Amino acid sequence: MNTNTTTPQRSGSRLPNPQQLVPELGEVGAALFKATGNGAIPRTTIGLVQLRAGQIVASTYLAILHAGNLRTAGESEERIAAVATWRDAPYFTEPERAALALVEAVLQPATHGDRVPEELYAHAAEHYDDKALATLAMAIGQVNFFVPLALIGQPLPGRPPAEQWTSVAVR
């Protein structure tokens, strides 16, 4: 028996626009963007970390969003595509590798011991000072702040902000 079943495409997210529901969200998002944009970590590194976070949590929306942001910033397709396999890809600097290792350690369960062991922290500290490490932690937290909205609300990947969330008025 050959049945062709397809999942119907939604015209909007499952959740109405969270910024319309909770207007304070805009202030929080802006504050997080400002905190991570303090110059301690290159914006490219933050983008790579956020793309990897979207991949780890299996959010198509976040992966497409952060890949698009990197593309807009002029990153090569090779680097963007290789983020998922960064450990053996030749496209990343040692500081970027340390940042990608940190995001993986923070977001993936540890098989044993600390999620961020001393060796990983020491490796990251070779490339980043205390302010940069704190900024990197905030960049990981910034993307993770939005993970529940992405996973629960399922905004539409690749759509402009006005089209990715259903309007509160529609409901």
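So, how was this worked out
Residues numbered from 1 in each chain as written. Predicted model: local features only at pLDDT ≥ 70, side-chain atom pairs only at ≥ 80, totals over all residues. Heavy atoms only, no water. Helix = DSSP H or I, 4+ residues; strand = E, 2+ residues; numbered from the N terminus. Expected span 1.5 Å × (residues − 1). Bend = angle between axes of the 7 residues up to and from the residue. Buried < 20%, exposed > 50% of the residue type's maximum accessible area, 1.4 Å probe, protein only. Contact = heavy atoms within 4.5 Å. Salt bridge = Lys/Arg side-chain N within 4 Å of Asp/Glu carboxyl O. Phe/Tyr/Trp six-rings, centres within 6.5 Å; stacked < 30°, edge-to-face > 60°. Lys NZ or Arg CZ within 6 Å of the ring centre and 35° of its normal. Axes fitted to C-alpha atoms, helices over the stretch in contact; angles between N-to-C directions. Left-handed = near helix turned anticlockwise from the far one by under 90°. Nonpolar A, V, L, I, M, F, W, Y, C, P; charged D, E, K, R; others polar. Core = buried A, V, L, I, M, F, W, Y, C linked by side-chain atoms within 4.5 Å.

You'll find the chain entered in an unreviewed UniProt entry as Carboxymuconolactone decarboxylase family protein, with Nocardia fusca given as the organism.

Q: Could you clarify how one ought to interpret helix H8 (residues 130-153) in this entry?
A: Note on helix geometry: an α-helix contains 3.6 residues per turn, so any two residues three or four positions apart are oriented the same way. With 24 residues, H8 extends 35 Å from end C-alpha to end C-alpha; this agrees with the ideal 34 Å at 1.5 Å per step. Maximal helix bending in H8 amounts to about 35°, located at phenylalanine 146; proline proline 148 follows within four positions. The complete set of buried residues in H8 reads Ala132, Leu133, Thr135, Leu136, Ala139, Ile140, Gln142, Val143, Val147, Ala150 and Gly153. Buried residues in H8 make contact with helix H2 (24-36), helix H3 (43-56), helix H4 (60-72), helix H6 (94-107) and helix H7 (118-127).

Q: What is the right way to look at the pattern of salt bridges in this model?
A: A side chain with one charge may pair with a side chain of the opposite charge, provided their charged atoms come close. This model, assessed by the stated rule, comprises 6 salt bridges. Taking the shortest distance from any N to any O, the salt bridge between arginine 97 and glutamate 94 comes out at 3.8 Å. Here arginine 97 and its partner glutamate 94 are both found in helix H6, 3 residues apart, which amounts to about one turn of the helix. One network of salt bridges, with partners in common, ties together Arg52, Arg87 and Glu104.

Q: Got a minute to help me understand the packing of aromatic side chains in this structure?
A: Aromatic rings considered in pairs are described by the distance between their centres and by the relative angle of their planes. Tallied over the full model, the rule gives 1 aromatic pair. Ring geometry for phenylalanine 145 against phenylalanine 146: centres 5.0 Å apart, planes inclined by 85°, an arrangement best described as edge-to-face. A relative accessible area of 37% means that phenylalanine 145 is categorised as partly exposed. By relative accessible area, phenylalanine 146 is classed as partly exposed at 26%. Lying across the ring of phenylalanine 33, arginine 43 places its NZ or CZ 4.0 Å from the centre.

Q: What should I look at first to understand the packing of H6 against H7 in this one?
A: The angle between the axes and the distance between the axes are what describe a pair of packed helices. Their axes nearest at 9 Å, the elements H6 and H7 cross at an angle of 145°. Of the two possible hands of crossing, H6 and H7 adopt the one that is left-handed. The segment H6 lies against H7, with Glu94, Pro95, Ala98, Ala101, Leu102 and Ala105 engaging Leu120, His123, Ala124 and His127. Grouping the constituent residues of the contact of H6 with H7 by class yields 7 nonpolar, 2 polar and 1 charged.

Q: What's the story with the nonpolar core in this structure? I'm lost.
A: The nonpolar side chains of a soluble globular protein tend to be buried, and buried together. Among the nonpolar cores identified, the biggest contains 35 residues, and Leu51, Phe92, Leu102, Tyr128 and Leu136 are the most heavily contacted of them. At the level of secondary structure, the elements contributing two or more residues to this core comprise H3, H4, helix H5 (77-82), H6, H7 and H8. Here the element with the most residues in this core is H8; it accounts for 8 residues. Once residues lying within four places of it in the same chain are set aside, the contact partners of leucine 51 are Ala63, His66, Ala67, Leu70, Ile80 and Val83.

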